[in-house]
Amino acid sequence: MMGIVWLAVGLTSCGGGSSDTPPPATQETVAGIDANGDGVRDDVEVYIDTTYPVPAQRDTNRALRQVASAAQVTMIDASDSARSVSHAAERFRALECLMARRPADFHLVFVELRARVLNTTARSAAYLQADNHVTAGNVPLLPADQWVSACL
Amino acid sequence: MAAWPLESAHAQIAPQPACQTASAPRTAVFFVNGVTTTLDEARLNAGKLELEFLNQLPAMSRAVQANCHVFFLNYNPTAGEVNDFLEAAQQQLGITPTTFWLELEGLGLFTPQLIRDALQGPMTDLNRIDAATIQRHSAAYREQMASPSCRRVLVVPHSQGNLYTNAAYDLLFNQPPIQSPSAIRIVGVATPAQTVPGNGLYRTSTTDALINAIRVIRPAILPSDTNWGISPLLLSASYSGGHSFIGYLSAEPSRTDVLTDIESSLNALSAINPC
């Protein structure tokens, strides 16, 4: 599993592929590389597309991209309390979409993705820092029959 | 476990029939998370509770079905404890962040000493419970029970969330305006507490490694009264510790036990007018 991350980091961090050895994940910035600017870090994008290929698992692929994108802005803005609360709402909508798409195994699917998203100490710390700004009183829940409407 | 397809764009979840009727009584159902639960995990745990409840609802009593159940999350912020746990796991075991996040809920990679050092304090020391969080939780229950909402309240806390729920319950009846004790019920899951107030119910599994570790130093905590059977979850990295809320609501008989307690509590609440 880590091999996928290393491979992805290597492919996306070296531009022209000038090195055979990918840089250690611990040396990466919190934001990492998002070469195509779609809001999902490239190594995470590779994981999602490899594990949940389109078109066979299009709905799961899109839901996980939504989760990853929300996590990405959450980490980047982790020092900003107001933005953390706003991003928490985006995370909840993304998770509700995932639950709508994968009601039987959404938790395992999420845990595997989160492990790739939070693959460095700095990213883990940023994610937890953002959580500290939020109390759920600020973030209403959608009822289950409306979860699918949270999908972008 | 619910018979949901793995992926289907057509797996639309039906609304509760009573929620289509504006005059139907409303019951607020709160999930309260435990100590290793991030905000995302807490949302997913609350979602699992709602899904399993809705799956079981058609088989529940008419009195329960006559209510519209509105789900809430009373978040118990635990980022500090998770960060402490991450640092300890990296320093003592040398595991990567990726492995940490994969194993967090399962607790499988963590040594008993690490669990004890990082988690038993927050799980057992009432002085480490955040007063502001208790106030916020209690206020949320009060708002639901009081006019104009006039809703019955069911609280389903997991793990350390039981300690917060017990404290919030006490606050509810020790500060004016005093609410009706019969309008709120508790169904605890994986509890490290010694009681459930208001004659509430609880379920703790015999295979819950974290609660069993706490029981060694706090023998007076509530005894185990359910289990996960021979669930393969106990062999998976994400659930092997037997403590995960998702696991409690996936394995049998714990899932049925918890849902039975919820139905029983909702039946009792259905006879109550909070206002």
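Within every chain, residues take consecutive numbers counted from 1 along the sequence as written. Labels follow written order: the first chain is A, the first ligand is 1, and so on. This being a predicted model, a pLDDT of at least 70 is required before a residue's local features are given, and a value of 80 or more before pairs of side-chain atoms are given or counted; all residues contribute to the totals for chains, interfaces and linings.

S.K.: Please give an account of the overall build of chain B that cites residues and values.
M.R.: Counting its secondary structure elements, chain B contains 10 helices and five strands. Counting other C-beta atoms within 10 Å of a residue's C-beta gives its exposure: the residue is buried at 20 or more, exposed at 12 or fewer, and partly exposed in between, where C-beta atoms are placed from the backbone. The 275 residues of chain B split such that 53% are buried. Long-range pairs, those at least 24 residues apart, make up 74% of the contacts in chain B with a sequence separation of at least 6. A helix here means a DSSP run of H or I that spans at least four residues, while a strand means a run of E at least two residues long, and both kinds are numbered starting from the N terminus. By the criterion used throughout, residues are in contact when their C-beta atoms, derived from the backbone, lie within 7 Å.

S.K.: Pulling in residues and values, what's your account of the overall build of chain A?
M.R.: Each helix and strand counted, chain A has six helices and zero strands in total. Mapped from its N terminus to its C terminus, chain A presents α and β elements in the order α-α-α-α-α-α. The buried share of chain A, reckoned over its 152 residues, is 49%. Contacts spanning at least 24 positions in sequence make up 66% of the contacts within chain A whose residues lie at least 6 apart.

S.K.: Run through the packing of helix α1 (residues 39-56) of chain B against helix α10 (residues 254-270) of chain B, naming residues and quoting values.
M.R.: Residue and element names in this part refer to chain B. Helix axes use the C-alpha atoms of the stretch in contact, all axes being lines fitted to C-alpha atoms, and the angles between their N-to-C directions lie in the range 0 to 180 degrees. Where α1 meets α10, the closest approach of the two axes is 11 Å, and the angle between their N-to-C directions is 75°. With respect to α10, the element α1 is oriented roughly perpendicular. Residue-level contacts link Glu52, Phe53 and Gln56 of α1 to Arg255, Leu259 and Ile262 of α10. Its residues assigned to classes, the contact of α1 with α10 comprises three nonpolar, one polar and two charged. In these notes the angle categories are as follows: under 35 degrees is roughly parallel, over 145 is roughly antiparallel, 65 to 115 is roughly perpendicular, and the rest is oblique. Nonpolar residues are Ala, Val, Leu, Ile, Met, Phe, Trp, Tyr, Cys and Pro. Charged residues are Asp, Glu, Lys and Arg, and all others, Gly as well, are polar.

S.K.: Any chance you could break down the interface of chain B and chain A for me, citing the residues and the numbers?
M.R.: Between chain B and chain A, the contact holds 40 residues from the first and 43 residues from the second. Where the side of chain B that touches chain A is concerned, the elements lending two or more residues are α1, β2 (68-74), α3 (79-93), α4 (97-103) and α6 (131-145) of chain B. For the side of chain B that touches chain A, the leading source of residues is α1(B), giving 11 residues. Residues that form the side of chain B that touches chain A fall into these classes: 27 nonpolar, seven polar and six charged.

S.K.: Outline the environment of Ser265(B), supporting the account with residue identities and numerical values.
M.R.: Residue and element names in this part refer to chain B. Of note, Ser265 is situated in helix α10. The spacing of Ser265 and Asp84 is 181 residues in sequence and 36 Å in space, taken between C-alpha atoms. Those residues in contact with Ser265 that sit more than four places away from it in its chain are Leu154, Arg185, Val187 and Leu201.

S.K.: Give a detailed account of the environment of Ala88(B), specifying residues and quantitative values.
M.R.: Residues and elements named next belong to chain B. With respect to the secondary-structure elements, Ala88 resides in helix α3. Exposure remark for Ala88: the 18 C-beta atoms within 10 Å place this residue in the partly exposed category. Sequence separation between Ala88 and Asn33 is 55 residues, and the spatial gap between their C-alpha atoms is 22 Å.

S.K.: An account of the pairing of strand β4 (residues 184-189) of chain B is requested, with residue identities and associated values reported.
M.R.: As a general feature of sheets, a regular strand has side chains that alternate between the two faces. Residue and element names in this part refer to chain B. When you tally the buried positions in β4, you get six out of six residues, the bulk of the element. Across the two faces of β4 the burial is the same, with Ile184, Ile186 and Gly188 and Arg185, Val187 and Val189 all buried. Relative to β4, strand β3 (residues 152-157) is paired through three bridges, and the arrangement is parallel. The residue bridging Leu154 from the neighbouring strand is Arg185, located in β4. By this definition, two strands are paired if DSSP reports at least two bridges between them.

S.K.: I'd love a proper account of the sheet that holds β2(B), names of residues and values included.
M.R.: All names here are of chain B. Within the open sheet, the five strands sit side by side as β2-β1-β3-β4-β5. Their pairing is parallel. Pairing within the sheet leaves two strands with one partner each, and these edge strands are β2 and β5 (201-203). Ignoring strand direction, the axes of neighbouring strands in this sheet form an average angle of 20°. Judged from the six bridges that link them, strand β1 (residues 26-32) and β3 form a sheet pairing that is parallel. Bridging across to β3, Val29 finds its partner in Leu154.

S.K.: Run through the nonpolar core, naming residues and quoting values.
M.R.: We define the nonpolar core as any set of buried residues of the types Ala, Val, Leu, Ile, Met, Phe, Trp, Tyr and Cys, connected via C-beta atoms lying within 7 Å of each other. Val67(A), Ala68(A), Leu98(A), Phe30(B), Val153(B), Leu154(B) and Val156(B) are the most contacted members of the largest nonpolar core, which totals 105 residues. Among the elements that take part in this core, helix α4 (residues 81-101) of chain A stands out by supplying eight residues, more than any other. When near neighbours in sequence (up to four residues on either side) are disregarded, Val153(B) contacts Ala28(B), Phe30(B), Tyr141(B), Gln144(B), Met145(B), Ala183(B) and Ile184(B).

S.K.: I'd like a rundown of unusual backbone geometry, residues and numbers included.
M.R.: Residue Val54(A) is joined to Pro55(A) through a cis peptide bond whose omega torsion reads 10°. Among the secondary structure elements, Pro55(A) is positioned in the loop between α2 (42-51) and α3 (58-76). Residues Glu252(B) and Pro253(B) are joined by a peptide bond in cis, for which omega reads 10°. Of note, Pro253(B) is situated in the loop between α9 (245-248) and α10. A positive phi is found at Cys150(B), a non-glycine position, where the angle reads about 50°. Within the secondary structure, Cys150(B) is located in the loop between α6 and β3. The backbone phi angle of Ser159(B) is positive, close to 60°, even though this residue is not glycine. Here Ser159(B) lies in the loop between β3 and α7 (161-172).

S.K.: Lay out the packing of α3(A) against helix α5 (residues 106-117) of chain A with the relevant residues and their values.
M.R.: Residue and element names in this part refer to chain A. Interaxial distance between α3 and α5 falls to 11 Å at its minimum, and their mutual angle equals 45°. As far as their axial angle goes, α5 and α3 are oblique. Viewed along their axes, α3 and α5 form a crossing whose handedness is right-handed. Where α3 abuts α5, its residues Thr60, Leu64, Val67, Ala68 and Ala71 lie against Val109, Phe110, Leu113 and Val117. Looking at the contact of α3 with α5 residue by residue, the class counts come to eight nonpolar, one polar and no charged. When the near helix sits turned anticlockwise from the far one by under a right angle, the crossing is termed left-handed; a clockwise turn instead gives a right-handed crossing.

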